[in-house]
Amino acid sequence: MVKKVTVGAVVPWPGSTAENKTGSWRTLKPVIHYEKCIRCAICWMYCPEPAILKVDPDKYPAPEGKPAIAKLPAVEIDYDYCKGCGICAEECPVNAIEMVEEVK
Amino acid sequence: MPEEFEPIAPGHSACAGCGSTQIVRWVLKEAGPNTIVVNATGCLEVFSTTYPYTMWRVPWLHVAFENAAAAASGVEAALKRMGKKAHIIAFGGDGGTADIGFQALSGMVERGHDVLYVMYDNEAYMNTGIQRSSSTPLLAWTTTSPAGKVIPGKQQPKKPVAWIIAAHGAPYVATASIAYLTDLRKKVRTALSIKGPKFIQAIQPCTTGWRFDPSLTVKLARLAVETCYFPLWEMRNGDLRTFRLTYIPKEKKPVEEFLRPQRRFRHVLQNPDLLERIQKWVDENWERMLKLHEAAVNQKL
Amino acid sequence: MVVMTLEGNEAAAWGARLARPDVIAAYPITPSTHIPERLSEWIADGIMDSEMILTESEHSALSACVGASATGARVFTATASQGLALMHEILHIASGMRLPIVMAIGNRALSAPINIWCDHQDMMSQRDTGWMQFFAESNQEALDLILIAYKVAEDRRVLLPAMVGLDAFTLTHTFEQVDVPEQEEVDRYLPKYRPVHAFLDPERPITQGPLGTPQHYMEFKYAQYEAMNRAKGVIVEAMEEFGRAFGREYAPLVPFSPGGEIVLVTMGSMSGTARVFVRGARQEGESVSHVKVVAFRPFYHSKLAELLAGAKVVAVVERAFSYGSVGPLAQDVAYAMHRYGIKAKLANFIVGLGGRDVTLRDFSEVLETSKRILKGEEDPGVFWLNVAKEEVLKAEEVIWNA
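The structure presented is a predicted model; accordingly, all values stated were derived computationally and were not measured.

Basis of the calculations
- Residues numbered from 1 in each chain as written.
- Chains lettered and ligands numbered in written order.
- Predicted model: local features only at pLDDT ≥ 70, side-chain atom pairs only at ≥ 80, totals over all residues.
- Helix = DSSP H or I, 4+ residues; strand = E, 2+ residues; numbered from the N terminus.
- Rg over C-alpha atoms; globule rule 2.2 N^0.38 Å.
- Buried ≥ 20, exposed ≤ 12 C-beta atoms within 10 Å, placed from the backbone.
- Contact = placed C-beta atoms within 7 Å.
- Nonpolar A, V, L, I, M, F, W, Y, C, P; charged D, E, K, R; others polar.
- Axes fitted to C-alpha atoms, helices over the stretch in contact; angles between N-to-C directions.
- Parallel < 35°, antiparallel > 145°, perpendicular 65-115°, else oblique.
- Left-handed = near helix turned anticlockwise from the far one by under 90°.
- Domains from an automatic or database assignment.
- Pairing = 2+ DSSP bridges.

A. Structural detail: the overall build of chain A. Across its full length, chain A carries three helices and four strands. The secondary structure elements of chain A, listed N-terminal to C-terminal, are β-α-β-α-β-α-β. A compact globule built from 104 residues should have a C-alpha radius of gyration of about 13 Å, whereas chain A, at 17 Å, is more than 25% larger. By its C-alpha atoms, chain A is 60 × 30 × 20 Å across when sized along the principal axes. A burial count over chain A gives 41% of its 104 residues as buried. The contacts in chain A between residues at least 6 apart in sequence include a share of 74% that link residues at least 24 apart.

As structure tokens, this is what we get:
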């Protein structure tokens, strides 16, 4: 991406804020306990960055004995961007997300 | 995994826990990629487009604070003339919508431009540092309506901006809350299926300006509705017979539950008289809407 | 080409019509109201194929123009005076976003007191908004300069908005014979606008109007400075091409009867009066010349200095003022003289504010004063002409709240 001073300050680089790793803002860090996660994606819906991704169902373990859940996309926190607001943990219906102290 | 349309990128500089991107993301997910966004000056515009970066993956235009509706009118006219079709969605805060941009919005609605205008209502001028707007609620603290010894916060109730737009006869007007995502998405879908000017006022809890823990954004968006402080409704063509509350809480919670986590109401929570004034405003507003809803549903209008 | 008898507003409307704008957004204001009226009629009758947005204010009119231009459309608007002042904020935005919007201005005085008649204060107050500014002397020039303005504004070397001023009533409401070019000729001169940098297309999602921090802001402004400088050459090209296409000659600065010791500099409709005066004065043996300024922004300082070579007194006669300083045109003339070593004295004559007629008698006074300055009998400076100075009460003479 060549970022010259464009005519009229046009930004012809859609989505380029992704170059800014706002994860460095974080003081609290959400951690998903996959054994509890029912993959409802509410955290994904409400992440304001958005920094929660839907990923391949097999990428993370699902709760034991719940084959239907295991077929749903798993969620993953993109720590490059997560600012640690904690909405995901607050909204998680099964308390599968824990906010822990960020250690840097 | 099939790629899902993500209209906005991370890496923007919104406060942690900001509710505005939730509104924007879901409005645009519903609208799809064939959409042009016009944005009034405000938090959303500033944190999303610091040159040379942009959060947006759809075409996006910002002109000034008070003219998103006028600029969107121009976009619409140009598209029409150029024979192109796209959804045009304008985003403005309460300042850019209910106050300085109100004339331009009224003009856009009166002229009937095919634009969906979404007001992200964080109830004060947050971009400039929490100054009162006409959409700031009764008795709320802001930096220009301080909780003083003589004057305890804003002395006027929240301006009913969606009602005023509805009174223009706009084809579709609704209120929404991100906590009721299905309702919000349905309203966006409905709005985009109708030609002409549409208006959605979405409550947007602001962690910085309302002074609450950033994890509570969605919770407050929910409590605003559960306490009937911010009722969810829709109306078509300014016709009261089409008025519908789209969500009626089974049990109306006391407004205190909505106010409690917000330090902008700390002085209210310490003073039963002030709390009572807010509860009274909420009750009267809700009663009026409930009666209207029932009359409309029972075809008594 | 068809010869028509048109008032200035109609001529400007014809200029707009022939440019085939995709979108017109306007709010009526005296004295330019007839422009959106005429365009609305043509659209209503199906003669013109443009989208017309009749906004609720001039601020919204220009905002809608910005929206339409940012979408990639050719746009037009017209206003005057208070309306132009209300647009002020958006004028800067249009030029900062490098949108080639063209606007006609019925040059009218600013309030207070409210006044609908001619002067140039409205456009002069927008001097620094980054718009190109042209002043018409006649209805023909109003039409032609609008076409030239589009040609320059949309040129990739420029990409700047432009306003064309025509004097209130003297031009806007006065009928003259106007050569109206054929549409095909204009289409050849001014092909369809093809946006290169500013468009709103879901296939190519760009962001327009971001926040510019101190890290980049000054570079954007430098780009505008360069574009305006480049416009100087492009304007001359566009005027020369216009001359070849339509047989009417234009130049950013138009000299008349050159070589005089005293040179009058004017803009707008009074330029004709100035030439009539100079012709008569020359016959009476006076050494006086005239320069008409057509392009005020960009200002052709070096070219003006060439035209002022040999002058002993330069008399800038203008219909606007910068309170606490001198007239805006005089400021540029002074810079041109200083920059390019013109040793003449500079006098600034303020005339015709708020529609006061500018007559041959005013120019006689300009000449007589200039001659006294030439002989060293009078200091050059600012002269307000045809003003009842003795009737002007001072604040300390207020008696109705004593």
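B. Structural context of the interface of chain B and chain A. Between chain B and chain A, the contact holds 29 residues from the first and 34 residues from the second. Looking at the side of chain B that touches chain A, the elements that each hand over two or more residues are α1 (20-31) and α9 (217-226) of chain B. Per-class residue counts for the side of chain B that touches chain A are 15 nonpolar, 10 polar and four charged.

C. Structural context of the packing of α1 of chain B against helix α7 (residues 181-193) of chain B. Residues and elements named next belong to chain B. The interhelical angle for the contact between α1 and α7, taken along N-to-C directions, is 50 degrees, at an axis separation of 9 Å. When the axes of α1 and α7 are compared, the pair comes out oblique. Considering the relative orientation of α1 and α7, their crossing is right-handed. Touching W26, V27, E30 and A31 of α1 are L181, L184, R185, V188, R189 and L192, all from α7. Grouping the amino acids of the contact of α1 with α7 by side-chain chemistry returns seven nonpolar, no polar and three charged.

D. Local environment of the domain arrangement of chain C. All names here are of chain C. Assigned domains of chain C: these are domain 1 (2-246) and domain 2 (253-389). When each unit is reduced to the centre of its C-alpha atoms, the spacing between domain 1 and domain 2 is 28 Å. Facing the 27 residues of domain 1 at the interface are 21 residues of domain 2. Where the side of domain 1 that touches domain 2 is concerned, the elements lending two or more residues are α6 (121-124), β6 (132-135), β7 (162-167) and α9 (217-246). Of all the elements, α9 adds the most residues to the side of domain 1 that touches domain 2, at five residues. Taken together, the residues of the side of domain 1 that touches domain 2 sort by class into 14 nonpolar, eight polar and five charged.

E. Region of the structure containing the interface of chain B and chain C. With 38 residues of chain B at the contact, the number on the chain C side is 36 residues. Of all the elements in the fold, those that place two or more residues in the side of chain B that touches chain C are β1 (35-39), β2 (60-62), α3 (68-81) and α5 (102-111) of chain B. It is α3 of chain B that contributes the most residues to the side of chain B that touches chain C, 11 residues altogether. Along the lines of polarity and charge, the residues of the side of chain B that touches chain C split into 22 nonpolar, 12 polar and four charged. Strand direction decides the pairing type here: β2 of chain B and strand β9 (residues 207-208) of chain C, joined by two bridges, are parallel. In the sheet register, W60 of chain B faces β9 of chain C, and the bridge partner there is T207 of chain C.

F. Representation of unusual backbone geometry. The step from Y51 of chain B to P52 of chain B runs through a cis peptide bond, and the omega angle for that step is 5 degrees. With respect to the element layout, P52 of chain B can be found in the loop between α2 (43-48) and β2. Here T30 of chain C and P31 of chain C are connected by a cis peptide whose omega angle stands at 5 degrees. Tracing the backbone shows P31 of chain C in the loop between β2 (23-26) and α2 (34-44). Backbone geometry at L139 of chain B places phi at a positive 70 degrees, although glycine is not the residue there. Structurally, the position occupied by L139 of chain B is in the loop between β4 (116-121) and α6 (161-167). Judged by the 25 C-beta atoms lying within 10 Å of it, L139 of chain B falls in the buried class. Here N237 of chain B, not a glycine, exhibits a phi torsion of approximately 55 degrees, which is positive.

G. Examining the sheet that holds β7 of chain C more closely. Residues and elements named next belong to chain C. Taken in spatial order, the seven strands of this open sheet run β3-β2-β4-β5-β7-β6-β13, and their pairing is mixed. Pairing within the sheet leaves two strands with one partner each, and these edge strands are β3 (51-54) and β13 (295-297). Averaged over all adjacent pairs, the angle separating strand axes in this sheet is 20 degrees, with direction ignored. In the packing of α2 onto the sheet, contacts are made with β2, β3, β4 (75-79) and β5 (102-107), and the angle to β3 comes to roughly 135 degrees.

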